[in-house]
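Okay, here's what each chain looks like letter by letter:
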2 protein chains.
Amino acid sequence: MKLASLKHRRDGKLILVSRDLSQAVDASDIAFTLQDALDEWATLSPLLQARYDALNANTVSGRFVFDPNQCASPLPRAYQWADGSAYVNHVELVRKARGADMPESFWTDPLMYQGMSDKFIGPCENIELCDESWGCDFEAEVAVITDDTPMAASVSDASTHIKLLMLVNDVSLRNLIPGELAKGFGFFQSKPASSFSPVAVTPDELGDSWQSSKVHLPLHVQLNGDTFGAPNAGVDMTFDFSELIAHAAKSRPLSAGTIIGSGTVSNLDRSKGSCCIAERRMLEILDLGAPKTPFLLYGDKVSIEMHDKEGRSIFGRIEQTVVPYQIAEQGK
Amino acid sequence: MKLASLKHRRDGKLILVSRDLSQAVDASDIAFTLQDALDEWATLSPLLQARYDALNANTVSGRFVFDPNQCASPLPRAYQWADGSAYVNHVELVRKARGADMPESFWTDPLMYQGMSDKFIGPCENIELCDESWGCDFEAEVAVITDDTPMAASVSDASTHIKLLMLVNDVSLRNLIPGELAKGFGFFQSKPASSFSPVAVTPDELGDSWQSSKVHLPLHVQLNGDTFGAPNAGVDMTFDFSELIAHAAKSRPLSAGTIIGSGTVSNLDRSKGSCCIAERRMLEILDLGAPKTPFLLYGDKVSIEMHDKEGRSIFGRIEQTVVPYQIAEQGK
């Protein structure tokens with residue numbers, strides 16, 4: 001099943017999207033929003049599935065052409081967005097470039113931070129940035145959405161709570177990170193709003209590319225139309241999504257609609273390229289002694305997409321341009 | 001105006017509570033939930049205010065006795081909970097006890113972390129804990145709720161976005177904190193669900209105790225019926241709420257319903273006691289060489305309340321008991 005949210009007030013309006021992403025049909029009579037659907041997933045997903053099947057069979061009325069530009073993020077705002085860092089190779093590389101060893105425990109205990117979720121950027125909306133010198137970067141990732149997951153869920157139980165998958169651009173302000181991390185409380189200003197793919201899909205849409213709670217397909221990233229990287233999301237992923245969920249649920253339940261991210265996808269095989277500028281800069285530091293790829297500048301365009309084995313887009317394309325933020329006239 | 005949420009599905013059902021907390025009246029016809037009210041605050045708050053005035057004048061029908069036990073947190077789940085650490089005295093003390101200096105910048109650049117907000121504990125509900133050895137602690141705080149706040153809002157603009165205030169118990173798992181902070185990504189497992197006072201109030205309810213974006217009243221904390229501390233929330237607060245909001249909004253807008261916390265209230269005057277066990281333990285370490293007050297054990301009861309100058313409870317009382325979590329039977 002493929003779902004999306006048309007832009008509509010704060011929480012969007014739920015639609016179903018055909019497997020080939022060409023057509024859509026309203027689903028707001030079943031659940032007005034995707035959050036509503038997730039809140040009652042066991043009851044509502046069979047109704048959504050029936051309409052989705054009819055959409056793909058061309059037997060449903062009210063079809064319309066699917067346009068990602070009309071979409072908000074599948075969850076335009078969410079109650080929880082927790083981002084892991086499951087490609088430990090990437091973490092090790094980042095640390096190596098700044099001369100820091102990585103603790104052995106990083107191979108067994110996942111990194112995860114609580115991200116902001118009160119308003120995500122739409123998949124085709126601009127990234128508004130106050131200051132180019134903050135070092136804006138993309139991070140291409142995969143994410144899952146869970147239903148209600150009990151505290152202390154085991155890894156195998158966690159796997160049953162994965163209901164949907166999306167792609168993510170976890171926008172990061174690299175030059176604000178060192179100062180924030182030095183304070184010891186983690187990211188805040190350095191992690192502004194993320195964006196998600198136009199479409200969220202159920203795991204069955206991935207066929208045998210969804211195995212062991214990992215997506216075994218390349219994640220394609222372009223910067224200004226040039227390939228920046230296409231590492232395989234199923235390779236070198238130290239912690240799978242079930243392990244990330246169990247980590248998040250250790251001391252608390254996770255509510256329906258919780259989004260768990262993989263962290264920047266990264267392969268040891270350097271020929272696959274990178275899913276963020278920071279990683280490429282680290283490789284440049286290691287190879288050349290200094291970074292040469294700049295962080296994002298106003299006008300730069302990023303796109304993130306994943307194709308199935310037949311080359312068809314699964315989630316639609318995240319496509320965003322960095323623009324200067326116009327500070328609003330404020331009343332006082 | 002005083003507002004609360006009766007327990008009802010995931011987001012509660014909005015009620016208005018009389019100034020003396022004795023009576024309540026349904027407000028769900030104006031806005032079904034508090035989040036709904038905040039999403040359209042400019043339009044809906046005058047309607048709520050009119051009914052609140054009628055409630056206090058005993059001229060509204062359908063009044064019923066207010067019972068905090070029937071309440072969820074005012075926002076049972078929220079899209080953003082960002083907790084500051086504005087009582088820098090407290091931060092310095094914590095660091096001193098472990099022999100660490102505090103950077104000078106902590107006096108000018110607020111600490112803030114992104115907390116989980118997908119499900120808060122009700123004000124009179126138990127704190128369910130998997131493991132006593134995790135070192136469960138309370139942190140008594142004040143928090144504000146904002147409406148939509150633009151990115152890069154100035155401190156003076158930020159002050160206009162404070163719509164409601166609450167008390168908080170920011171539950172913390174002290175023995176999980178050092179390991180998490182050492183990983184560099186901030187708190188996650190060590191900060192499980194928080195709880196909030198039964199009632200959220202508009203700033204005007206505080207009269208002249210609300211000045212310069214601070215609440216100038218003692219915050220009363222009891223542990224098992226004994227006073228644990230009553231520091232004044234308006235004293236030694238290095239960053240006021242407008243400064244905390246502006247800090248949070250530096251690189252992103254804040255959506256309506258964003259909760260911003262003060263961090264553990266703490267006064268330099270030690271005779272005022274403490275708002276968390278960790279601070280008392282730090283003082284014990286400094287005075288006696290070792291801590292003697294244990295963290296919370298199963299059966300321990302915490303209460304947090306604030307009174308106006310006439311001794312009347314403003315927000316109602318947070319009152320919680322720590323209990324062992326019963327791991328649910330899981331299907332697989």
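- Per an unreviewed UniProt entry, chain A goes by the name Fumarylacetoacetate hydrolase family protein and belongs to Enterovibrio gelatinilyticus.

1. A short note on the overall build of chain A
Okay, so step 1: Secondary structure summary: chain A contains seven helices and 21 strands in total.
Okay, so step 2: Since a compact globule built from 332 residues should have a radius of gyration of about 20 Å, the 19 Å found for chain A is in line with a globular shape.
Okay, so step 3: Along the longest, intermediate and shortest principal axes, the C-alpha atoms of chain A span 60 × 50 × 45 Å.
Okay, so step 4: For chain A, the separation between the mean place of its 30 positive charges and that of its 44 negative charges on side chains is 2 Å.

2. A look at the relation of the copies chain B and chain A
Each copy of the chain is related to the other by a rotation around an axis and a translation along that axis.
Okay, so step 1: When chain B is fitted onto chain A, the two copies agree to an RMSD of 0.0 Å after a turn of 180° and an axial shift of 0.0 Å. The transformation just described matches what one would write down for a two-fold rotation axis. Measuring from the rotation axis to each C-alpha of chain B, the shortest distance belongs to glycine 186 of chain B, at 1.9 Å.
Okay, so step 2: Both copies share a contact surface, since 100% of the interface residues of chain B are interface residues in chain A too.

3. Digging into the UniProt feature "domain: Fumarylacetoacetase N-terminal" (unreviewed entry) in chain A
Okay, so step 1: UniProt records the feature "domain: Fumarylacetoacetase N-terminal" (unreviewed entry) for residues 1-77 of chain A in the present numbering.
Okay, so step 2: Between the C-alpha atoms that bound residues 1-77 of chain A there is a distance of 21 Å. The span itself is 29% helix and 23% strand.

4. Here we look at the side chain of serine 5 of chain A
All names here are of chain A.
Okay, so step 1: For serine 5, the location among the structural elements is in strand β1 (residues 2-6).
Okay, so step 2: For serine 5, a relative accessible area of 0% puts it in the buried group.
Okay, so step 3: Excluding residues within four positions of it along the chain, serine 5 makes contact with Gly12, Lys13, Leu34, Gln70, Cys71, Ala72, Ser73, Pro74 and Pro76.

5. Notes on the environment of serine 274 of chain B
All names here are of chain B.
Okay, so step 1: One can find serine 274 in the loop between β19 (259-261) and α7 (277-288).
Okay, so step 2: Among the residues examined, serine 274 registers a relative accessible area of 3% and is labelled buried.
Okay, so step 3: For the pair serine 274 and alanine 230, spaced 44 residues apart in the sequence, the C-alpha separation amounts to 7.0 Å.
Okay, so step 4: In this structure, serine 274 is in contact with Val221, Phe228, Gly229, Glu279, Arg280 and Leu283, ignoring residues within four places of it in sequence.
Okay, so step 5: A polar side-chain atom of serine 274 sits 2.9 Å from a polar atom in the side chain of glutamate 279.

6. Focus on the pairing of strand β10 (residues 140-146) of chain A
The side chains of a regular strand alternate, first on one face of the sheet and then on the other.
Residue and element names in this part refer to chain A.
Okay, so step 1: Extensive coverage of β10 is indicated by the burial of seven of its seven residues.
Okay, so step 2: A two-sided burial pattern is seen for β10, the buried positions comprising Ala140, Val142, Val144 and Thr146 on one face and Glu141, Ala143 and Ile145 on the other.
Okay, so step 3: Pairing geometry for β10 and strand β11 (residues 162-169), over seven bridges, is antiparallel. Bridge pairing in β11 links isoleucine 145 to leucine 164.
Okay, so step 4: Two elements, β10 and strand β19 (residues 259-261), share three bridges in a ladder whose sense is antiparallel. Across the sheet, residue valine 144 finds its bridge partner in β19, namely isoleucine 260.

7. With respect to the interface of chain B and chain A
How big an interface is tends to be stated in terms of accessible area lost as the parts join.
Okay, so step 1: Tallying the contact residues gives 62 residues for chain B and 62 residues for chain A.
Okay, so step 2: Taken over both partners, the interface formed by chain B and chain A buries close to 5,700 Å², and the fraction arising from carbon and sulfur atoms is 55%.
Okay, so step 3: Sorting the residues of chain B by area buried against chain A places Tyr79, Phe185 and Phe188 of chain B first, and these three jointly supply 17% of that buried surface.
Okay, so step 4: Our count for the chain B to chain A interface comes out at 10 salt bridges.
Okay, so step 5: Measuring nitrogen to oxygen at the nearest pair gives 2.9 Å for the salt bridge that ties aspartate 39 of chain A to arginine 77 of chain B.
Okay, so step 6: Run the count over chain B and chain A and you get 23 residue pairs in polar contact (both at pLDDT 80 or more).
Okay, so step 7: Of all the elements, strand β7 (residues 112-115) of chain B adds the most residues to the side of chain B that touches chain A, at four residues.

8. Quick look at the packing of helix α3 (residues 88-97) of chain A against helix α7 (residues 277-288) of chain A
All names here are of chain A.
Okay, so step 1: Between α3 and α7, the shortest axis-to-axis distance is 9 Å and the interhelical angle comes to 50°. With respect to their mutual orientation, α3 and α7 come out oblique. Handedness of the crossing formed by α3 with α7: left-handed. Where α3 abuts α7, its residues His90, Leu93, Val94, Lys96 and Ala97 lie against Glu279, Met282, Leu283, Ile285 and Leu286.
Okay, so step 2: Residue classes in the contact of α3 with α7 are distributed as seven nonpolar, one polar and two charged.

The rules behind the values
Residues numbered from 1 in each chain as written. Chains lettered and ligands numbered in written order. Predicted model: local features only at pLDDT ≥ 70, side-chain atom pairs only at ≥ 80, totals over all residues. Heavy atoms only, no water. Helix = DSSP H or I, 4+ residues; strand = E, 2+ residues; numbered from the N terminus. Rg over C-alpha atoms; globule rule 2.2 N^0.38 Å. Lys, Arg positive; Asp, Glu negative; His and termini not counted. Charge placed at Lys NZ, Arg CZ, Asp CG, Glu CD. Least-squares fit on C-alpha atoms with pLDDT ≥ 70 in both. Contact = heavy atoms within 4.5 Å. UniProt positions renumbered as here; feature names shortened; annotations may be inferred. Buried < 20%, exposed > 50% of the residue type's maximum accessible area, 1.4 Å probe, protein only. Polar contact = N/O pair within 3.5 Å; in protein donor to acceptor, adjacent residues only side chain to side chain. Pairing = 2+ DSSP bridges. Buried area = accessible area lost by both parts, 1.4 Å probe. Salt bridge = Lys/Arg side-chain N within 4 Å of Asp/Glu carboxyl O. Axes fitted to C-alpha atoms, helices over the stretch in contact; angles between N-to-C directions. Parallel < 35°, antiparallel > 145°, perpendicular 65-115°, else oblique. Left-handed = near helix turned anticlockwise from the far one by under 90°. Nonpolar A, V, L, I, M, F, W, Y, C, P; charged D, E, K, R; others polar.

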